[in-house]
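An overview of the molecular structure
Residues per chain, in single letters:
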Amino acid sequence: MRSKLLVSLLPLALSLGACAGPDLSQDVAPAPLRETALLSSSPMPAGIPVKDAPPGFISFCSRFLDQCVVASNDDTVVHLNLQTQGELDSVNRNVNEKIAPEDDEMHYGRAEYWNIPSDGYGNCKDYAVTKRKELIDAGLPERALRVAIVMTPRESRHAVLTVTTDRGDLVLDNLSNEVKPWSQVDYRWLERQDGKGSIGWVALDEKVAENPLMGPTLATK
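Residues numbered from 1 in each chain as written. Predicted model: local features only at pLDDT ≥ 70, side-chain atom pairs only at ≥ 80, totals over all residues. Heavy atoms only, no water.

**Details of the side chain of Arg192**
Looking at where Arg192 falls in the secondary structure, it is placed in strand 8 (residues 188–193). At 2.8 Å, the side chain of Arg192 forms a polar contact with the side chain of Thr162. Leaving out residues up to four positions away in the same chain, Arg192 has contacts with Met44, Arg146, Val147, Ala148, Thr162, Thr164, Asp169, Trp201, Val202 and Leu204. (Helix = DSSP H or I, 4+ residues; strand = E, 2+ residues; numbered from the N terminus. Polar contact = N/O pair within 3.5 Å; in protein donor to acceptor, adjacent residues only side chain to side chain. Contact = heavy atoms within 4.5 Å.)

Here it is as structure tokens:
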């Protein structure tokens, strides 16, 4: 049995909840991309700044400082071409396959813990930040890679990685091996990183912006 971490870096709020893994049994290798196969989407709303980032994200940044401090002049948009879209597809699929779903309570012995796992287990937040790291390592601009919190049709809070491109915002999700335009994913969008290269977040849902108790603290820790 893996050892459990018992020391909390920050006070915890409610958990995102268990994050299911993708059904890889039904997936097949994607066909080679043609020029006409490039994805296209509308841009996501700019959002309304919130006072505090999710505590779990702040804790993550205290342990992975290189993932949270970037130059203010870093690009905020990815140029989407065949090569870049192929990189997004590859990272999304590979991370989904190499991390097995496990909730934080079982994994770490605590309600909430954002991490880039080294043991092959994690939940939705861990998939998202791992994909973000791998895309940064591949040369994509960090400010264009923004973790977002959503509400699924089953009213479960969930985390995904969004990528801001010159063809709109795309979503990398551990529940799907297919990269999709944000507007074609059946989620209610709550909040995401603000893309300014620090630890700021913005609310995407009016109720979150108006009521801090519905915002990042309760959504994600």
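There is more to say, and it comes next.
**Re the environment of Ala203**
Along the chain, Ala203 falls in strand 9 (residues 201–203). Between the alpha carbons of Ala203 and Gln193 there is a distance of 9.0 Å; along the sequence they are 10 residues apart.

**Section: unusual backbone geometry**
The phi torsion at Glu155 lies on the positive side, around 65°, for a residue other than glycine. Structurally, the position occupied by Glu155 is in the loop between strand 4 (145–151) and strand 5 (157–165).

**Here's the deal with the packing of aromatic side chains**
Taken as a whole and judged by the stated rule, the model has eight aromatic pairs. Ring geometry for Tyr108 versus Tyr113: centroids 4.7 Å apart, planes at 55°, classification tilted. As far as burial versus exposure is concerned, Tyr108 and Tyr113 are alike and both buried. Residues Tyr187 and Trp189 carry aromatic rings whose centres are separated by 6.4 Å and whose planes lie at 65° to one another, so their mutual orientation is edge-to-face. Linked through ring pairs, Phe57, Phe60, Phe64, Trp114 and Trp201 together constitute an aromatic cluster. (Phe/Tyr/Trp six-rings, centres within 6.5 Å; stacked < 30°, edge-to-face > 60°. Buried < 20%, exposed > 50% of the residue type's maximum accessible area, 1.4 Å probe, protein only.)

**Some thoughts on the sheet that holds strand 7 (residues 176–181)**
Judged by pairing direction, the sheet is antiparallel, and its seven strands sit side by side in the order 1-9-8-4-5-6-7 without closing on themselves. The outermost strands of the open sheet, each flanked by one partner alone, are strand 1 (48–49) and strand 7. When strand 6 (residues 168–173) meets strand 7, the two strands line up antiparallel, connected through three bridges. If you follow Leu170 over to strand 7, its bridge partner there is Pro181. (Pairing = 2+ DSSP bridges.)

**Details of the nonpolar core**
Phe57, Phe60, Leu88, Trp114 and Leu135 are the most contacted members of the largest nonpolar core, which totals 36 residues. Of all the secondary-structure elements, those providing two or more residues to this core are helix 1 (55–63), helix 2 (82–98), helix 4 (124–137), strand 4, strand 5 and strand 6. With six residues, helix 4 is the largest single contributor of residues to this core. Counting residues in each nonpolar core, the second largest holds 11 residues, with Trp182, Val185, Tyr187 and Val202 among its members. (Core = buried A, V, L, I, M, F, W, Y, C linked by side-chain atoms within 4.5 Å.)

**Points about the state of the cysteines**
With the rule as written, the count across this model stands at one disulfide. Covalently, Cys61 is tied to Cys68 through a disulfide, its sulfur atoms 2.0 Å apart. Note on the Cys61 and Cys68 pair: the S-S dihedral is about -85°, so by sign convention the disulfide is left-handed. An identical accessibility class is assigned to Cys61 and Cys68; each is buried. (Disulfide = S-S within 2.5 Å.)

**So, the pattern of salt bridges**
By the definition in use, this model includes seven salt bridges. A salt bridge links Glu112 to Lys125, with the shortest nitrogen-to-oxygen separation between them at 3.3 Å. Of the two residues, Glu112 sits in the loop between helix 3 (104–108) and strand 3 (121–122) while Lys125 sits in helix 4, which places them 13 residues apart along the sequence. The salt bridge involving Asp137 is made with Lys133; its shortest N-O contact spans 2.8 Å. (Salt bridge = Lys/Arg side-chain N within 4 Å of Asp/Glu carboxyl O.)

**Some details on the pairing of strand 6**
Summarising burial for strand 6: six of the six residues are buried, a large majority. Direction of pairing for strand 5 relative to strand 6: antiparallel, over a ladder of five bridges. Bridge pairing links Leu161 to Leu172 in strand 6.

The values reported here are purely geometric and, on their own, carry no functional implication.
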